[in-house]
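Listed below, chain by chain, are the residues.
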Amino acid sequence: MQVLEAHKPFEIQEIELTDWKQRPVKNNFFELVLIKNGKGTQCINYNDYEYEKGSIFLLPPLKCHSFNIKESTNFVFLKFTDSFFKNVNKMTIDRNEWFKEASYILSNYNQLPGDIIKNEVDRNYLENLIDMILQESRSYGEDSVSLITSFMTSILEILIRNIKNSTYFETPNNNSDNRITKMLAYINENIDKTELLKVENLADVFMMSPTYVSEYFKKQVKMSLREYIIKGKLKLVEIRLLNSDFTLTEIADELGFTDVSHLSKTFKRYAGTSIKEFKNNGEYMLLKRGSCAPSIRA
C-alpha cells in the first residue's frame, strides 16, 4: 500500500488489493477513484456496477461503499478534503470559484453507481492528470502543492463537464419533456444567481409565458419552483457549513438570502434544526439521514 498525503488540502492513495478491506478514512467531501488495472464490481447502497481498467468513479461523502474484487486491482484514490477549502486563501486561486464548482458536483451528482466519465478523451485527460499528481507528490512534497492545485482544478472542470452531459444529472424519472431537463440544469447551474432564477427570466429563457412557468415546473417535478430553488440553495449551505470556513454572512450574501437571520430561519424551517446544531452534529445528521450528498427534507 502507498499512501501519499499532499499536505492536507488533498490526499492520494495508490493501493493494489486482491480482497477489499474497508479503509479507515473519513470521506466528508468526495473522492475520485481510478482503476489502473483489475476487474470486479463497485457497490454503493447495494447497487452494483462492473469495473475494469480505466474505470473512474466518484465516492460521495458519508456513504457506505465497497468494491468486490474479482481480479487483483490497482486503485488510485484522490480525495478532495475539506481542509483544502478552509485553507485555500493561502493559495493563488479563487476559493469562491473552487468551492462553487466542487459544491456543484455534490449537489447535482445523484450518487448512482457506475463510471462517471462518458467521454473517452476526458478519461485520458483524467488518467494523465492523476499520474502527474502522483509523480509530483512523490518527487517534490510540499513544493508540489501549487502545481497539484492547478491539476485538481482541471479535474474538477472535467468532472463538471461530464456530469452536465450525462444521465447522472438529476432529472425527473420517465420524463420525455426535454425542456424540464434543460430548465433543471439551468436552475442548478445558476442557483446562486437570484436574478436569473426569477420567473420572468425563466419564461424568457425557455420561451414560456410567465404565468405558465410555475405551473409547468410543478407539474413536471412534483414540487413548486420556489421550494426547489430554496432546497437547492440549502444543499449548498450544508456543504459550506461542513466543509469550509465561510462565514454565515458570506453564505447568505452568496446565495441570495436577505441576511443571516433570513438564512437561519429558512434553514430551521426546511432542515428541522438550527444552523448551530447542524454545524455541531452535521456529519451524524447526514449519516442518519442516509444521504450521499447533503439533501434537505421536504
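*Asks:* Help me understand the overall build of the protein chain, please; the structure alone is not making it clear to me.
*Replies:* In terms of regular secondary structure, the protein chain is built from 11 helices and 6 strands. Burial analysis of the protein chain (298 residues in total) assigns 53% to the buried set. By element, 48% of the accessible surface of the protein chain is carried by carbon and sulfur atoms, the whole surface being about 14700 Å².

*Asks:* For this particular structure, what's the right way to read helix 3 (residues 120–140)?
*Replies:* Note: α-helices contain 3.6 residues per turn, so residues at a spacing of three or four share the same orientation. The terminal C-alpha atoms of helix 3 lie 30 Å apart, and with 21 residues this matches the ideal 30 Å at 1.5 Å per residue to within 8%. Among the residues of helix 3, those classed as buried are Asp122, Arg123, Leu126, Leu129, Ile130, Ile133, Leu134, Glu136 and Ser137. Down the axis, helix 3 shows its buried residues gathered within 165 degrees of arc, on one side only. Helix 3 presents Ser139 and Tyr140 as exposed residues on the side facing more than 90 degrees away from its buried surface. Backbone nitrogen of Val121 and a side-chain oxygen of the N-cap are separated by 2.8 Å at the start of helix 3; the cap is Asn119.

*Asks:* How should I be thinking about helix 5 (residues 178–189) in this particular structure?
*Replies:* Between the first and last C-alpha of helix 5 there are 17 Å, a value that for 12 residues agrees with the 16 Å anticipated at 1.5 Å per step. Those residues of helix 5 not exposed but buried are Ile180, Met183, Leu184, Tyr186, Ile187 and Asn188.

*Asks:* Before we go on, may I ask you to explain unusual backbone geometry in this structure?
*Replies:* Backbone phi values are negative for most residues with the exception of glycine, while trans is the configuration of most peptide bonds. Phi at Met207 is positive, roughly 55 degrees, even though this residue is not glycine. Position of Met207 among the secondary structure elements: in the loop between helix 6 (199–205) and helix 7 (210–221). Even without glycine at this site, Lys222 takes up a positive phi of about 65 degrees. Among the structural elements, Lys222 can be located in the loop between helix 7 and helix 8 (225–243).

*Asks:* Which parts of the structure should I look at to understand the packing of aromatic side chains?
*Replies:* One pair of aromatic rings is described through two measures. These are the centre distance and the angle between the planes. The tally for this structure, following the rule as stated, stands at 12 aromatic pairs. Each ring, one from Tyr51 and one from Phe67, has its centre 5.8 Å from the other, and the planes form 75 degrees; the classification is edge-to-face. Of the two residues, Tyr51 is situated in strand 4 (residues 47–51) and Phe67 in strand 6 (residues 65–80); the sequence distance between them amounts to 16 residues. One exposure class covers both Tyr51 and Phe67, and it is buried.

*Asks:* Please explain the pairing of strand 3 (residues 30–44) as it appears in this structure.
*Replies:* Successive side chains on a regular strand alternate, one facing one side of the sheet and the next facing the other. Of all 15 residues in strand 3, 12 are buried; the element is thus mostly enclosed. Where strand 3 and strand 6 come together, 13 bridges link them in antiparallel fashion. Pairing of Asn37 across the sheet is with Asn74, part of strand 6. As judged from the 4 bridges shared by strand 3 and strand 5 (residues 56–59), these two strands associate in the antiparallel manner. Among the inter-strand pairings, Leu32 is bridged to a residue of strand 5, identified as Leu58. Judged from the 5 bridges that link them, strand 3 and strand 4 form a sheet pairing that is antiparallel. Across the sheet, the residue bridging to Ile44 is Asn47, located in strand 4.

*Asks:* Would you mind showing me how to read the side chain of Glu14 here?
*Replies:* Topologically, Glu14 is positioned in strand 2 (residues 10–17). With relative accessibility at 14%, the residue Glu14 sits in the buried group. Only 2.5 Å separates the side chain of Glu14 from the side chain of Arg138, close enough to count as a polar contact.

*Asks:* Is there a simple way to think about the nonpolar core in this case?
*Replies:* The tendency in soluble globular proteins is for nonpolar side chains to be buried side by side. Among the nonpolar cores identified, the biggest contains 36 residues, and Met183, Ile187, Phe217, Leu234, Val237, Leu263 and Phe267 are the most heavily contacted of them. Looking at this core, the elements that each hand over two or more residues are helix 5, helix 6, helix 7, helix 8, helix 9 (248–254), helix 10 (260–271) and helix 11 (275–289). Take this core: its biggest share by element is 10 residues, from helix 8. Not counting the four nearest positions on each side in its chain, Ile187 is found in contact with Leu197, Leu202, Phe217, Leu225, Tyr228 and Ile229. Among the nonpolar cores identified, the runner-up in size contains 29 residues, and Leu32, Ile56, Ile155 and Leu159 belong to it.

So, how was this worked out
Residues numbered from 1 in each chain as written. Predicted model: local features only at pLDDT ≥ 70, side-chain atom pairs only at ≥ 80, totals over all residues. Heavy atoms only, no water. Helix = DSSP H or I, 4+ residues; strand = E, 2+ residues; numbered from the N terminus. Buried < 20%, exposed > 50% of the residue type's maximum accessible area, 1.4 Å probe, protein only. Areas by Shrake-Rupley, 256 points an atom, 1.4 Å probe, with all protein chains shown as cover. Expected span 1.5 Å × (residues − 1). Arc of directions from axis to C-beta. Polar contact = N/O pair within 3.5 Å; in protein donor to acceptor, adjacent residues only side chain to side chain. Phe/Tyr/Trp six-rings, centres within 6.5 Å; stacked < 30°, edge-to-face > 60°. Pairing = 2+ DSSP bridges. Core = buried A, V, L, I, M, F, W, Y, C linked by side-chain atoms within 4.5 Å. Contact = heavy atoms within 4.5 Å.

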